[in-house]
Amino acid sequence: MSINTNNQNISNGGSATSVTQTIDVGTPRHPTGWSTTEIRYHNFTHLPHKKGDHTDSLPFIAHGFDWYLRIHPGGAASANGEDFISVYLRCKTAAEQNVAIQAEFSLALLRSDGQIDSMMSCPCNAFRRKRKGWPNFINRSRLLDRSSQLLDEYGTLTVIVKVQLFQERDTNFVPRNEIGLIKLLKEANSTDNDGGGINNEERSSTADTADVKFCVEGETFHAHRLVLKLFAPTLAHLCEDVDEDTTIPITGVRSHIFQGLLRFVYGDAVPDALWTSTNDAANADILTSPAVELLDAANQFGVVGLKILAETKVAESSISISNASDLISFADAKNCALLKERVVDYFVIHADKIRKHPSFQKVKESAILLYELMDAVLSKRILRSFSLGENDVDYNSMGVNLLRRKLDERGQDVDGSREMLIQRLEIGIGRIEKGK
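Residues numbered from 1 in each chain as written. Predicted model: local features only at pLDDT ≥ 70, side-chain atom pairs only at ≥ 80, totals over all residues. Heavy atoms only, no water.

Describe the overall build of the chain, naming the residues involved and giving the relevant values.
A count of helices and strands for the chain gives 15 helices and 14 strands. Buried residues in the chain amount to 42% of all 436 residues. Considering only residue pairs separated by 6 or more positions, the chain has 61% of its internal contacts joining residues 24 or more positions apart. Total accessible area on the chain stands at roughly 23,800 Å², and carbon and sulfur atoms take up 48% of it. (Helix = DSSP H or I, 4+ residues; strand = E, 2+ residues; numbered from the N terminus. Buried < 20%, exposed > 50% of the residue type's maximum accessible area, 1.4 Å probe, protein only. Contact = heavy atoms within 4.5 Å. Areas by Shrake-Rupley, 256 points an atom, 1.4 Å probe, with all protein chains shown as cover.)

Below, the structure is given as structure tokens:
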């Protein structure tokens, strides 16, 4: 819900406040942008043209879905009279999987002089099994008239198909953190002087069960091997073959960042203050922000939930011409699939400006990154954030958040690059099919 407030002057010299509220009932859908396809019917006059005859185009892809255009050169059965050409669009994917796809579309003819003719538009509608279009699209006699220029010199008719989907706004997937062991961590790090937030009456029989110590920037942190093994496996690996009296040094991480990581491991929320950058606002560098520090530490010590949470914070921050190259290099190196997806989408829109920025030199050093960016620009990809149902296995058209949700539903690892996420899902499908 959004609230807009406007001040208005009143006669006695004061002001009154009018409040306009917008309340969404249900989940609003948002347009994806238009996908345009030209379909050419060669030797149009030779196509079957009795009333009811039709010719289907080959399937084409728009927004990750298969579509085709059906044209009735002599009119569909429902056309008025004998002098109409009928045209219909169908979403092949929606029909085959029996799911509803919300889309709007337009059909138009391209004249030989390059001008658009006979455009018809259909507002947002649900595509499922039925075709949508117009039985009385254009008079056949007008189309065949040479002065209309609707057929080129070779007798080719060109139909321009524009499609725009409406889908729910993509929401970031973050694994649930419901461990609930924060009291155990507080007890382990309490002292007789400060209590660590736990007084003697609150201390339980588990107060002295910590069996590992870490030293970060001169500060000591106590923890439990079993908890680390379950929720921070890489950090737990550092504790192997180390007795309880040995303090394990941790380098490359600031103490308050490590403390925030430990709190998350034990089920506590990361304090809001920890996400706030201490950089000067005018010179803020996103790659030195606390969110990136937490992401880096979580990736280093195997705390997947915190890594993804921090990744969403970075992905929601301001991607710009100046930091896009650094961000995509960082995301690629740390296997941050969502962040990489967001930066690639930004690059598709601002490719020329980013390529001219000095920081792009780092990207040019990676042939793989250059190929991925070029592929995204040429394909004008739009990844979907919604599932087509239980049998939806078109993983390549899915956004990272949807891929992660599907993996989470199956109890599989949600960390890794986009390619790794897809591979896990495909392997999982293979096992299911093999077990049938």
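Describe the sheet that holds strand 13 (residues 219-223), and please don't skip the residues or the numbers.
The strand order across the open sheet built from 3 strands is 13-12-14, with neighbouring strands paired in mixed fashion. The open sheet terminates on both sides in strands that have one partner only, identified here as strand 13 and strand 14 (247-250). If you compare each strand with its neighbour and ignore which way they point, the axes differ by 30° on average. Examined bridge by bridge, strand 12 (residues 212-216) and strand 14 share 4 bridges and lie parallel to one another. Across the sheet, the residue bridging to Val 216 is Ile 250, located in strand 14. Each of strand 12, strand 13 and strand 14 is contacted by helix 6 (residues 255-265), which is oriented at about 10° to strand 13, the strand it contacts most. (Pairing = 2+ DSSP bridges. Axes fitted to C-alpha atoms, helices over the stretch in contact; angles between N-to-C directions.)

Describe the packing of aromatic side chains, naming the residues involved and giving the relevant values.
Here the structure, examined in full by the defined rule, presents 8 aromatic pairs. Ring centres of Phe 214 and Phe 258 lie 5.6 Å apart, and the angle between their planes is 65°; this geometry places the pair in the edge-to-face category. Separated by 44 residues along the polypeptide, Phe 214 in strand 12 and Phe 258 in helix 6 bring together distant segments of the chain. Three or more aromatic residues joined by ring pairs make a cluster, and in this case those are Trp 67, Phe 105, Phe 127, Trp 134 and Phe 137. Across from the ring centre of Phe 127, 5.8 Å away, lies the NZ or CZ of Lys 132, which sits over that ring. When the ring centre of Trp 34 is taken as reference, the NZ or CZ atom of Lys 162 above it lies at 5.4 Å. (Phe/Tyr/Trp six-rings, centres within 6.5 Å; stacked < 30°, edge-to-face > 60°. Lys NZ or Arg CZ within 6 Å of the ring centre and 35° of its normal.)

So, the packing of helix 9 (residues 304-315) against helix 11 (residues 337-356): which residues are in play, and what are the values?
Between helix 9 and helix 11, the least distance of the axes is 8 Å, while the angle of their chain directions is 15°. Put simply, helix 9 runs roughly parallel to helix 11. When the axes of helix 9 and helix 11 are compared, the crossing they make is right-handed. Where helix 9 abuts helix 11, its residues Glu 311, Thr 312, Val 314 and Ala 315 lie against Ala 337, Leu 338, Leu 339 and Arg 342. Considered class by class, the residues forming the contact of helix 9 with helix 11 number 5 nonpolar, 1 polar and 2 charged. (Parallel < 35°, antiparallel > 145°, perpendicular 65-115°, else oblique. Left-handed = near helix turned anticlockwise from the far one by under 90°. Nonpolar A, V, L, I, M, F, W, Y, C, P; charged D, E, K, R; others polar.)

Describe helix 6, with residues and values.
Of all 11 residues in helix 6, 8 are buried, a share of seventy percent or more. Within the sequence span of helix 6, burial applies to Ser 255, Ile 257, Phe 258, Gly 260, Leu 261, Leu 262, Phe 264 and Val 265.

Got a sec to walk through a nonpolar patch on the surface? Specific residues and values, please.
Residues Leu 226, Leu 230 and Phe 231 make up a contiguous nonpolar surface patch of roughly 300 Å² in combined accessible area. Its location among the elements puts Phe 231 in helix 4 (residues 225-231). For Phe 231, a relative accessible area of 30% puts it in the partly exposed group. (Patch = residues over 30% accessible without salt bridge, like charges linked within 9 Å, V, L, I, M, F, W, Y side chains within 5 Å. Salt bridge = Lys/Arg side-chain N within 4 Å of Asp/Glu carboxyl O.)

Just give me the short version of the pattern of salt bridges, but keep the residues and values in it.
Taken as a whole and judged by the stated rule, the model has 18 salt bridges. Note that Arg 254 is salt-bridged to Glu 293, the shortest N-O span being 2.4 Å. Remark: Glu 293 occurs in helix 8 (residues 290-301) and Arg 254 occurs in the loop between strand 14 and helix 6; sequence separation between them is 39 residues. What makes Arg 254 partly exposed here is its relative accessible area of 32%. Given the relative accessible area of 22%, Glu 293 is considered partly exposed.

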